Amino acid sequence: MERDNHQEGEAQGVKISDPPSVNNPPGDNLATSLSLLGNHMFPDVAERNDGASISKEETPVSLCSDVTAEQQSLDAELHSNQVTKLETEETENSECFNDVCTQQSDGGSEGAATDNDQSDSGEFVVTMLAKAKLEEQGIGVKGRSSPLLEAGTQESPAFMSHRDEDVTAESWRQHRKHVFVLSEAGKPIYSRYGSEEALSSTMGVMMALVSFVQSGDNIIRSVYSEEHTVVFLQKGPLVLVCVSSSRQSERQLRGELLYVYYQIISMLTQASISRIFEHKKNYDLRRLLAGSEKILDGLLNLVDSDPSFLLAAVHCLPLASSLRDSLSQILQKAITPNLVFSILIANNQLLTIVQEKTVIEDTRLEPADVHLLLNLIGASSAFQAGEIWTPICLPLFNPDCYFYAYISYLDPPECTVCLLLLSTDKEAFYAVAECKRKIEEAMVAQNSLSLIAKVQSYSVSQVGVSDLRHFMYKPFDVPDNYRQLTQFTSPEMEAPYSSEEEKMRLLDLYRYMHSRIHSTSRPLKLIYHVAERETLLAWVTSKFELYTCFSPLVTKACAITAITKLLRWIKKEEDRLFIRYPPKYSTTPNPSKSSRGGKSDQQDATDNGFLSLL
Amino acid sequence: MPELSKMKKPDVKVVLLGDMNVGKTSLLHRYTERKFKDTISTVGGAFFLKQWGPYNISIWDTAGREQFHGLGSMYCRGAAAIILTYDVTNWQSLSELEERFLSLTDTANHDCIYALVGNKVDLTDPKAHQSQDSDVASEDRTDSEDMRTEPQLPTPPTSPASLSGVMLQKQVTPEDAAALYGRILRYKGLDETSSQPAEKMCFETSAKTGYNVDSLFEALFDLVLPSILRQRNENQESPTVDLEECRGSSNKRAKSSCC
Ligand SMILES: Nc1nc2c(ncn2[C@@H]2O[C@H](COP(=O)(O)OP(=O)(O)OP(=O)(O)O)[C@@H](O)[C@H]2O)c(=O)[nH]1
Ligand SMILES: [Mg+2]
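Residues numbered from 1 in each chain as written. Chains lettered and ligands numbered in written order. Predicted model: local features only at pLDDT ≥ 70, side-chain atom pairs only at ≥ 80, totals over all residues. Heavy atoms only, no water.

Going by an unreviewed UniProt entry, chain B carries the name Ras-related protein Rab-20 and comes from Xyrichtys novacula. UniProt lists a comment for chain B under the heading Catalytic activity (unreviewed entry), and it reads "GTP + H2O = GDP + phosphate + H(+)". (UniProt positions renumbered as here; feature names shortened; annotations may be inferred.)

By the naming in an unreviewed UniProt entry, chain A is Vacuolar fusion protein MON1 homolog, taken from Xyrichtys novacula. Here is the UniProt Sequence similarities (unreviewed entry) comment for chain A, exactly as written: "Belongs to the MON1/SAND family." Looking at chain A in UniProt, the text filed under Function (unreviewed entry) is "Plays an important role in membrane trafficking through the secretory apparatus."

Structure representation (structure tokens):
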């Protein structure tokens, strides 16, 4: 831990405030019930030293100074000495007891937390999650309890499915980030590690917690302990919970839960999920998600390892603009009615996107939708021969409608270059497959595949700044007059960030810088952070957001000069680094066919027959 | 549009249906790629084109997951043959065929033929341990898993038997399958005497060892030929469909079976 090591640039970091004022209402039944619940379901919870068992974190930042996002009025005053707090927000009856603190709807008043007797409820949730024992025993214990834990950071190539993990094992508890999805009725839907069945009682407790807080018209948002942050997110009939020791901000974790939610939506649509649960409150959604666990697993691994998710921007492969243009033109020419997006991907990075005019006129494709698409393709179609035709929803574009995705690799058997065509017409498979054949043919004529094969990401050394090790640059609107996909550019991670551990460590540093920059209570424009093994500088302006990583010996003056150089280099290279002028085509004879917004003319969820399953 | 770019128009459509995990994708892999490899649960449907002598046969490998249930009837539209697949070690997978999948076949051709395929017999029958195909090595599982998804065990063993060699209890007998076949004919309003007999249309296979896999596909392809010929005749009257003439492909598997 090296938090004392850092100094601020012009701006100041968030200060650790004094212990909050003590405001101690009389015994409140929320906390009491929580502990009762705990004692009931986890009699052996007792006092468990939560900290002791957790493998050492490599994250260089201390969370003591974390800011709980979103609730400004409260945030600044809380934390510090407080080991555990359970924060809820909203509505009239503000209950404050022990370490449970809620916020009043009328804003101003202090929802203060207290320090005394802080061990139970909030801590308990964490403890119980860490301890999840008893009823579970014997259920999920097929696998071995391997000591091959991912020591806090990277996913070591485990050779067993996480589904088979022994949820009673210490190694299960030590996962850096758990994610659970459950229904409002408390039915387990997904768990990142261990099978949902084995964890059903744990999920039950979580749900009991959520609904108990709800019954007082409050919403449970997060629980903190020394080692863990527990974040709750309720979306419609689904409750998502993240238990993390990653030291990320609550806001970042909630953002990640949102990605999980959206990925579920991308498979089922929001409309069908709400309809299903309207009809049957205790529906077991796993029936519909069975087989999709890998897609969610893959998403969570990406979220941990790919900064695209943190930056909410798309990373495209650097490409000579002439080549990118010629690829775009090929896509632009191969069209059929109701085709709305044509996307070319190499090694899971974007080469180009061409989109339909009318559909996109009023909007642009959201980076998150692209991330979800890429993940879905990666996790479900990789290395498959054949041409895939499957419904998919782009939740940010329209959470209630399906597109039909045609997915095919252009270079079998290597399967690195993937073509993705999205249509609004369920029946369009053969017409869309015909577009692929045109594209294939044009690419053969122009020798595109072998040109693509030579393309690779770039090295930071090309920038020509000796102390610069890595950076992430996200311009706002490239170029200014095109409302288009938000992108960022970043070189390969090279030594000393070649090992998985080191990569993750750098990403954690970036995540920390990001959380400071985007802190709701105290957003910063510039942070100069001297860590033990490197120096980081993050800078946000109206034009861009930039994260840079330097060798530790760089001086502040050097870093500033380096950044000037870097910005100049990016400017010079931007045609290569970004998809600059996204071409469009027109395929919808009737503009009202746009699938965006309210009434759409395409099939919605009912058409996929979910209701018949109830 | 240049000649080359024309899609080889499929002459006939064959659809694989059945619950998730019964081995539809594995069967098709075994047949087309001659090996048994790791699969990912299918999303939507995957389209393959198979040359069978002078004919192009399109094969739809569909997802068994309930999530994609509503699409089944679309994949089945105009099908000439439907392979209803179950897992011999799992009774539920057979009853799902009747409860969930049979109704999807309503959009198939009226003369569509139905095959009932009990896969994974390698788990229950020692005889299924040899494939009849000489070119099949029986344990060539390749590990070409997707790199982006988390690394996995070579699929959590469907049953301990696949590892230990202990035979599993067979939950579905050929008689059960034949009885279901009879019910399918009745559901379709077909006359048992004029339809293919159950003995001919019920198969037990192993995608893992290759047992009976070629026989299944080849028997089906031979049976759908009349359907191909009929379609070709119909198409001759319709100028919109452009047929690609058979390009003298020398498919070694075409054999004499193609008239
Ligand atoms: N022992 C044995 N296992 C098999 C056989 N066929 C498939 N499997 C295994 O069964 C699992 C599922 O196979 P798939 O081919 O993916 O099943 P599917 O029917 O395509 O499943 P969906 O795509 O989800 O509908 C995999 O783990 C295969 O390895 C077989 O003949 N014998
Ligand atoms: Mg499959």
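Now that the structure has been shown, we can carry on.
### Regarding the overall build of chain B
Secondary structure summary: chain B contains seven helices and six strands in total. Across chain B, helices and strands are ordered from the amino to the carboxyl terminus as β-α-β-β-α-β-α-β-α-α-α-β-α. Across chain B, every contact between residues at least 6 apart in sequence was considered, and the portion connecting residues at least 24 apart equals 79%. As presented, chain B carries roughly 11,100 Å² of accessible surface, and 53% of it is formed by carbon and sulfur atoms. (Helix = DSSP H or I, 4+ residues; strand = E, 2+ residues; numbered from the N terminus. Contact = heavy atoms within 4.5 Å. Areas by Shrake-Rupley, 256 points an atom, 1.4 Å probe, with all protein chains shown as cover.)

### Observations regarding the overall build of chain A
Assigned secondary structure in chain A consists of 18 helices and 20 strands. Classification of the 614 residues of chain A by burial places 63% in the buried group. Partitioning the intrachain contacts of chain A with sequence separation of at least 6 by distance along the chain shows that 68% fall at a separation of at least 24. Surface summary for chain A: the accessible area is close to 22,300 Å², and the carbon and sulfur share equals 52%. (Buried < 20%, exposed > 50% of the residue type's maximum accessible area, 1.4 Å probe, protein only.)

### Side note on the pairing of strand S11 (residues 349-356) of chain A
Residue and element names in this part refer to chain A. For S11, the buried fraction is high: eight of the eight residues fall into the buried class. Here strand S10 (residues 339-346) runs beside S11; their pairing, made up of six bridges, is antiparallel. Across the sheet, the residue bridging to Leu344 is Thr352, located in S11. One ladder, built from two bridges, connects S11 with strand S20 (residues 584-585); its direction is parallel. Counted as the bridge partner of Glu356 is Tyr585 from S20. (Pairing = 2+ DSSP bridges.)

### Points about the site of ligand 1
Residue and element names in this part refer to chain B. Within the structure, ligand 1 sits among 23 residues, and Lys24, Ser26, Thr39, Gly64 and Asp122 are positioned closest to it. A distance of 2.6 Å separates an oxygen atom of ligand 1 from a polar side-chain atom of Ser26. Broken down by element, the residue count for the shell around ligand 1 peaks at three residues, all from helix H1 (residues 24-33). Residues belonging to the shell around ligand 1 are distributed by class as follows: six nonpolar, eleven polar and six charged. (Near = heavy atom within 4 Å. Polar contact = N/O pair within 3.5 Å; in protein donor to acceptor, adjacent residues only side chain to side chain. Nonpolar A, V, L, I, M, F, W, Y, C, P; charged D, E, K, R; others polar.)

### Notes on the packing of helix H7 (residues 250-268) of chain A against helix H8 (residues 270-279) of chain A
Residues and elements named next belong to chain A. Interhelical geometry of H7 versus H8 gives an angle of 90 degrees and a closest axis separation of 7 Å. Here H7 is positioned roughly perpendicular relative to H8, judged by the angle of their axes. Of the residues in H8, those in contact with Tyr261, Ile264, Ile265 and Leu268 of H7 are Gln270, Ser272 and Ile273. Across the contact of H7 with H8, the residue classes tally to five nonpolar, two polar and no charged. (Axes fitted to C-alpha atoms, helices over the stretch in contact; angles between N-to-C directions. Parallel < 35°, antiparallel > 145°, perpendicular 65-115°, else oblique.)

### Section: the sheet that holds strand S3 (residues 55-62) of chain B
Pairing in this open sheet of twelve strands is mixed, and the strands run S20(A)-S11(A)-S10(A)-S14(A)-S13(A)-S12(A)-S2(B)-S3(B)-S1(B)-S4(B)-S5(B)-S6(B) from one edge to the other. The sheet is open, and its two edges are formed by S20 of chain A together with strand S6 (202-204) of chain B, each paired on a single side. Where helix H12 (residues 321-333) of chain A meets the sheet, it contacts S10, S11, strand S14 (417-423) and S20 of chain A, and its direction lies at approximately 40 degrees from that of S11(A). In the packing of helix H5 (residues 174-187) of chain B onto the sheet, the strands contacted are strand S4 (81-87), strand S5 (113-119) and S6 of chain B, and the crossing angle to S5(B) comes to about 155 degrees.

### Regarding the environment of Thr352(A)
All names here are of chain A. Considering the arrangement of structural elements, one finds Thr352 in strand S11. By relative accessible area, which is 0% here, Thr352 ends up buried. Expressed as a C-alpha distance, the spacing of Thr352 and Pro552, which sit 200 residues apart in the sequence, is 37 Å. Beyond its immediate sequence surroundings of up to four residues, Thr352 is in contact with Arg324, Leu327, Ser328, Leu331, Ser342, Ile343, Leu344 and Ile579.

### Re unusual backbone geometry
At the junction of Ala495(A) and Pro496(A), the peptide bond is cis and its omega measures out at 5 degrees in the coordinates. With respect to the element layout, Pro496(A) can be found in the loop between strand S16 (487-488) and helix H17 (500-517). One non-glycine residue, Arg247(A), lies in the positive phi region at around 65 degrees. Here Arg247(A) lies in the loop between strand S8 (238-244) and H7. A positive phi angle is found at Arg34(B), which is not glycine, with a value near 60 degrees. Turning to its location among the elements, Arg34(B) is positioned in the loop between H1 and strand S2 (45-52).

### Some thoughts on the packing of aromatic side chains
Per the stated rule, a full pass over the model turns up 24 aromatic pairs over all chains. Look at Phe429(A) and Phe47(B): their rings are 4.9 Å apart centre to centre, the planes differ by 55 degrees, and that puts the pair in the tilted class. One end of the pair, Phe429(A), is in helix H15 (residues 429-445); the other, Phe47(B), is in strand S2, on a second chain. Note on accessibility: Phe429(A) and Phe47(B) belong to one class, buried. On the basis of an interplanar angle of 70 degrees and a centroid distance of 6.1 Å, the ring pair of Tyr510(A) and Tyr547(A) is categorised as edge-to-face. In this pair, Tyr510(A) is assigned in helix H17 and Tyr547(A) in strand S19 (residues 544-550), connecting sequence segments 37 residues apart. This pair shows no difference in class: Tyr510(A) is buried, exactly as Tyr547(A) is. An aromatic cluster of three or more residues is present, and its members are Trp389(A), Tyr404(A), Tyr406(A), Phe429(A), Tyr430(A), Phe47(B), Trp60(B) and Tyr75(B). (Phe/Tyr/Trp six-rings, centres within 6.5 Å; stacked < 30°, edge-to-face > 60°.)

### Examining the confidence of the model for chain B
Residues and elements named next belong to chain B. Averaged over all residues, the pLDDT of chain B is 79; the fraction at 70 or higher stands at 73%. Across residues 134-163, confidence stays below pLDDT 50; counting only partners more than four residues off in sequence or on other chains, it has 72 contacts. Low confidence marks residues 239-259, where pLDDT is under 50. Its contacts with residues over four positions away, or in another chain, come to 30 contacts. The complex model carries a pTM of 0.76, and its ipTM stands at 0.78. (pLDDT = per-residue confidence, 0-100.)

### With respect to the domain arrangement of chain A
Residue and element names in this part refer to chain A. As assigned here, chain A comprises domain 1 (2-305), domain 2 (314-452 + 583-613) and domain 3 (460-577). Facing 18 residues of domain 2, the contacting portion of domain 3 comprises twelve residues. Along the contact surface separating domain 2 from domain 3 lie zero salt bridges. Where the side of domain 2 that touches domain 3 is concerned, the elements lending two or more residues are strand S9 (314-315), H12, S11 and helix H14 (367-381). Here the side of domain 2 that touches domain 3 is built from residues that sort into eleven nonpolar, three polar and four charged. (Domains from an automatic or database assignment. Salt bridge = Lys/Arg side-chain N within 4 Å of Asp/Glu carboxyl O.)

### Examining the coordination of the magnesium ion (ligand 2)
All names here are of chain B. Around the magnesium ion (ligand 2), the protein contributes the donor atoms Thr25 (OG1) and Thr42 (OG1), which lie 1.9 to 2.1 Å from the metal centre. Taken together, the residues span a long stretch of sequence, with Thr25 in helix H1 and Thr42 in the loop between H1 and S2 at a distance of 17 residues. The exposure class of Thr42 is buried, given its relative accessible area of 7%. (Donors = N, O, S within 2.8 Å, 3.2 Å for Na, K, Ca; no water.)

### A closer look at the sheet that holds strand S15 (residues 468-475) of chain A
Residue and element names in this part refer to chain A. Strand order in the open sheet formed by four strands is S15-S19-S18-S17, with antiparallel pairing between adjacent strands. Taken across any chain shown, the strands that pair with only one partner, and hence form the sheet edges, are S15 and strand S17 (526-530). In this sheet, adjacent strand axes meet at a mean angle of 5 degrees when their direction is disregarded. Pairing geometry for S15 and S19, over seven bridges, is antiparallel. Paired with Leu468 across the two strands is Phe550, which belongs to S19. Taken strand by strand, helix H18 (residues 556-577) contacts S15, S17, strand S18 (535-540) and S19, and its axis lies near 125 degrees from that of S19.

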